[in-house]
Structures are given as C-alpha cells and as structure tokens.
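Remarks on the overall topology
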Amino acid sequence: MPDPDQIDGDVYVSPRYLAGSTFTGDPALKPLLVLGWKTRHDEAGNVYLSSPDGKLRLGYLPEGDDDGLWRISAYDDAFAQPHWGVCFNDAAPTEFVTAFTTALAQAYTDGPDAYLTGREPTHAPTSPFDAVVPLINCGWKLQGPRGGVMELKSADGMAGLEYAVGRLDPGRELTTLEARWYLWGGPAGPRWYATASSHTPVHLVTAITTAVCDPAPVPRWKDAMPRALRETAQLTPLTPPPPPAPTPLDVRRTAARRPPALGTVSVPRWSTTSQPAALPASRAASPRR
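Focus on the overall build of the protein
When its secondary structure is counted, the protein shows 8 helices and 13 strands. By the burial criterion, 37% of the 289 residues in the protein qualify as buried. For the protein, the computed accessible surface area is about 18100 Å², with 56% contributed by carbon and sulfur atoms.

Below you can see the structure in the form of structure tokens.
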C-alpha cells in the first residue's frame, strides 16, 4: 500500500468520477514531456506542447477563454485543419486526462496510423462500441436512442456518455459540446465533461472510458473538493482514526480479568557494608607464677 505521507491528499474518493480535479497539470503533461515534445508558455501562464513532427498539439489553458482546460488536436498536415480534437474541462478528474495522454504518447511512438486513425494493419478494424464496453462491464446502462444520440448512464446516475449518430458539423465539434463523444460526471452543479470529435481513434477514447470506470479510488484533499462532491462521493480517510480511549467501565472490566498478583517473599540482600568481626572467646586467666 502506498505510503500515506507520499500521497497528495487526505482522503480516498470513490467512485472516481465524483472526485473532481486535482488542480495541477503535471501528471497529464508528463507522458508527452518524456517524449521530448516542444513546450512554450504564454504571458498568461498557459502551456502549449507540440510533437516533434508538429502533427499533435496540446494546450493546457488555465487562463483560457472558457472552461476548456485541456485541448488536444491531431493534424494530417502541420498546416491543415485539425483531423480530430479532444477537450476536458477544468472540473475533469486529472486521472482521466492522464490516461488519455499516456495512451496518446504510446500512439505517437507507434506511428501516424495509431494516433491519426487508430488503424493497425495487424489488428481487426475498431468499432465505437469498443469504447463503450468498459462502461457496460462495470454496470452502466443503455438509455436508448434520443434525438440521434445513444446514451449510457452509471448505476447511480452521476455519470454518463453520449454518442451522436449521423453527420456532424466538424467546426462545431471542435468548438462546442456538440461532438461525436460527450462524457460527463458529477452532480448537476460542478459537472466535469470531456468531448472527442469524429475521427478520434477509438482506442484513445477507450483509454478515457476505462479510467472513468476503474474501481480504484483516487486521493484528494477533502477541503479542496466542492461541497457537492464531498456530500455525494464516498470518502475514506487515508490514515485510519486512532482507537477510542478506554472508558472507566473498560478499565474496571480489564482489572477484573487480571490474575491475582504473586505474594511478596522476603529475600535477604547482599550488602557492601563490612560486618564487624566477631570477638574471640575469652580465655581462662592463667595462674600467675
């Protein structure tokens, strides 16, 4: 079990789609920085990463124009329109973004087919259903078609996924919530969301859905969580509370069960004090001569 002193939080949160953000981008940026992606910052504090070939770009935008904190896009050509785009808002659990960037780093290592289309010459063609399987396996239920949208929800109704069927406007997919994939979680107030446009490789979307339904809890600082999440999620302290102090009744019961004490025995002690030597017995007086 991890050392509580090395965990960034004081509680474990379950389910993880009710944990909220960690408010730090380092874990999600790390998989791409390890690959040597170029990094630059603007004056507002936003961070921009790009792959060496310029075909993958990530923006971490805490000072952006809207709540889209993470924006990732891929390009057939460095100067073309985005081939696909993914967005996570500022309330999304950082673990979900990290799962995506980890899968993206591996896809970039595997080559353009892996990160542009997801096609693998040695594997069977992928289907959007592949990204839904992890959710179904952990109990999410299909809600049925609704206006050209297939929807699944978690058993508690606190998270959901929508998959739009039919033709969509490519421009609106990249700039609004009207994307092919829309994933959300949380109470009505502080909801997080993630979107993925058409052509996003299914295995990258699957990395997100797999992370969402992972049963392992995630650490958080309780006081930093929105109140609605604290009241909805299951929180477990990292360090168990100490056992309660014994009551006077407990003390009396314990004393009653103790065996009787052994009787004391007088044992002579050694002394370093010299005892006076015994006087010799008196001799009979000799007669005088």
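A word on the packing of aromatic side chains
Scanning the entire structure with this criterion turns up 9 aromatic pairs. Taking 5.7 Å as the distance between ring centres and 75 degrees as the angle between the ring planes, the aromatic pair formed by W37 and Y108 counts as edge-to-face. Pair noted here: W37 is in the loop between α1 (26–33) and β2 (38–41) and Y108 is in helix α2 (residues 94–110), with a separation of 71 residues, a long-range link. Grouped by ring-pair contacts, the aromatic residues W37, Y108 and Y115 constitute a single cluster. In this structure, R40 packs its charged tip against the face of Y48, placed 4.5 Å from the ring centre. One cation-aromatic arrangement involves R191 over W184; the distance from NZ or CZ to the ring centre is 4.0 Å.

A closer look at the pattern of salt bridges
Where side chains of opposite charge bring their charged atoms close, a pairing between them can arise. Overall, the coordinates contain 5 salt bridges when judged by the stated rule. Measuring nitrogen to oxygen at the nearest pair gives 3.9 Å for the salt bridge that ties D214 to R16. Here D214, found in the loop between α6 (202–212) and β12 (218–220), pairs with R16, found in the loop between β1 (11–14) and α1; they are 198 residues apart in sequence, far enough to count as distant. R227 is the salt-bridge partner of E231, the closest N and O atoms lying 2.8 Å from each other.

Observations concerning the sheet that holds strand β11 (residues 192–196)
Reading across from one edge, β2-β3-β4-β5-β6-β11-β10-β9-β8-β7 is the order of the 10 strands in this open sheet, with antiparallel pairing throughout. The strands lining the two open edges of the sheet, one partner per strand, are β2 and β7 (141–145). Averaged over all pairs of adjacent strands, the angle between strand axes in this sheet comes to 15 degrees, irrespective of strand direction. Summarising the sheet, strand β8 (residues 149–153) and strand β9 (residues 159–164) pair through 5 bridges and their orientation is antiparallel. Bridge pairing links E151 to E162 in β9. Along the sheet face, α6 touches β6 (84–89), β9, β10 (181–185) and β11 and points at about 15 degrees away from the line of β10.

A few points about unusual backbone geometry
The omega angle of the peptide bond from S14 to P15 is -10 degrees, so this bond is cis rather than trans. Tracing the backbone shows P15 in the loop between β1 and α1. Backbone geometry at F23 places phi at a positive 65 degrees, although glycine is not the residue there. Structurally, F23 is set in the loop between β1 and α1. In this structure, H199 takes a positive phi of about 75 degrees despite not being glycine. Within the fold, H199 resides in the loop between β11 and α6.

What counts as what
Residues numbered from 1 in each chain as written. Predicted model: local features only at pLDDT ≥ 70, side-chain atom pairs only at ≥ 80, totals over all residues. Heavy atoms only, no water. Helix = DSSP H or I, 4+ residues; strand = E, 2+ residues; numbered from the N terminus. Buried < 20%, exposed > 50% of the residue type's maximum accessible area, 1.4 Å probe, protein only. Areas by Shrake-Rupley, 256 points an atom, 1.4 Å probe, with all protein chains shown as cover. Phe/Tyr/Trp six-rings, centres within 6.5 Å; stacked < 30°, edge-to-face > 60°. Lys NZ or Arg CZ within 6 Å of the ring centre and 35° of its normal. Salt bridge = Lys/Arg side-chain N within 4 Å of Asp/Glu carboxyl O. Pairing = 2+ DSSP bridges. Axes fitted to C-alpha atoms, helices over the stretch in contact; angles between N-to-C directions. Contact = heavy atoms within 4.5 Å.

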